[in-house]
Amino acid sequence: MTLSKTDLYHEVAQQAQALMAGEKDVIANLANLSALMFMRLPQLNWAGFYLLKGQELVLGPFQGKPACIRIPVGRGVCGKAAETGLAQCIHDVHEFEGHIACDADSNAEAVVPIYQNGQLLGVLDLDSPYVGRFDQDDMNGLQNLVNILQDAIA
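Residues numbered from 1 in each chain as written. Predicted model: local features only at pLDDT ≥ 70, side-chain atom pairs only at ≥ 80, totals over all residues. Heavy atoms only, no water.

**Some thoughts on the nonpolar core**
What counts here: By nonpolar core we mean a set of buried residues, namely Ala, Val, Leu, Ile, Met, Phe, Trp, Tyr and Cys, connected to one another through side-chain atoms within 4.5 Å. Buried, partly exposed and exposed residues are distinguished by accessible area as a fraction of the type maximum, computed with a 1.4 Å probe on protein chains only: under 20%, between the cut-offs, and over 50%, respectively. Comment: elements are numbered from the N terminus, with helices defined as DSSP H or I runs of at least four residues and strands as E runs of at least two. Throughout, a residue-residue contact means that at least one pair of heavy atoms, one from each residue, lies within 4.5 Å.
Among the nonpolar cores identified, the biggest contains 32 residues, and M37, L41, L124, L126, L142 and L145 are the most heavily contacted of them. When residues of this core are traced back to their parent elements, those giving at least two are α1 (5–20), α2 (26–40), β1 (46–53), β5 (108–116), β6 (119–128) and α4 (136–153). Sort the elements by how many residues they give to this core and α4 lands first, with eight residues. Every residue in contact with L142, bar those within four places of it in the chain, is listed here: Y9, M37, L41, A110, V112, L124 and L126. In this structure, Y50, I90, L120 and V123 belong to the second largest nonpolar core, which totals 15 residues.

**Focus: the sheet that holds strand β2 (residues 56–64)**
We apply this condition: Any two strands between which DSSP finds at least two bridges are classified as paired. Working convention: axes come from line fits to C-alpha atoms, limited for helices to the stretch in contact. Angles between N-to-C directions cover 0 to 180 degrees.
With respect to topology, six strands assemble into an open sheet ordered β3-β2-β1-β6-β5-β4, the strand pairing being antiparallel. The sheet terminates laterally at β3 (70–72) and β4 (88–90), the two strands that pair on one side only. Taking each pair of neighbouring strands and ignoring which way they run, the sheet shows an average axis angle of 25 degrees. Sheet strands in contact with helix α3 (residues 76–84) are β1, β2, β3, β4, β5 and β6, and its direction is about 35 degrees off that of β5.

Here it is as C-alpha cells:
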C-alpha cells in the first residue's frame, strides 16, 4: 500500500521527533534530518541545509552530490528564502531568475527558512530532478519538519 503524501509526511514527522527527542545540538539534528528526508521522501537528488554566516549561507549537513559551499544572501532560491524569510516552492528552477545550478540534474527545488531564538539560522533545501516535484502538500510537510527542528534546538 502506498501512503498518501500527507500520511508520508506525518510518518516522517514522527520519525524526526523521535530522532531529535532530547537532542539540542544543531549539527547532529541537521545531519539526522537530512538523512531521514533523503531516505523517506521520494524523487529527491539532494536534501540538506545551509547555515547563515554573516551575509552568506554556508553548506551544512546534507545527503546527495557535493554542493555549492557558499551562497550569498539574496542569490538563488536559498538566498531568496534567507533574504525574504519566505519558503520557496520552485516548479522549474530553470525559470527562476538567478538560479544557482549546483547540480545540473536538479529541476525543482523547495526551500524553507529555519529560525533559532527568533534569528535566521539557515535554510532547509530539497532538490529534485523532476520538474513540478514539489507542491503545497510538500511545503506544509516540510514546514512541519522545520517546526519540529526549531522546537528541538530552541
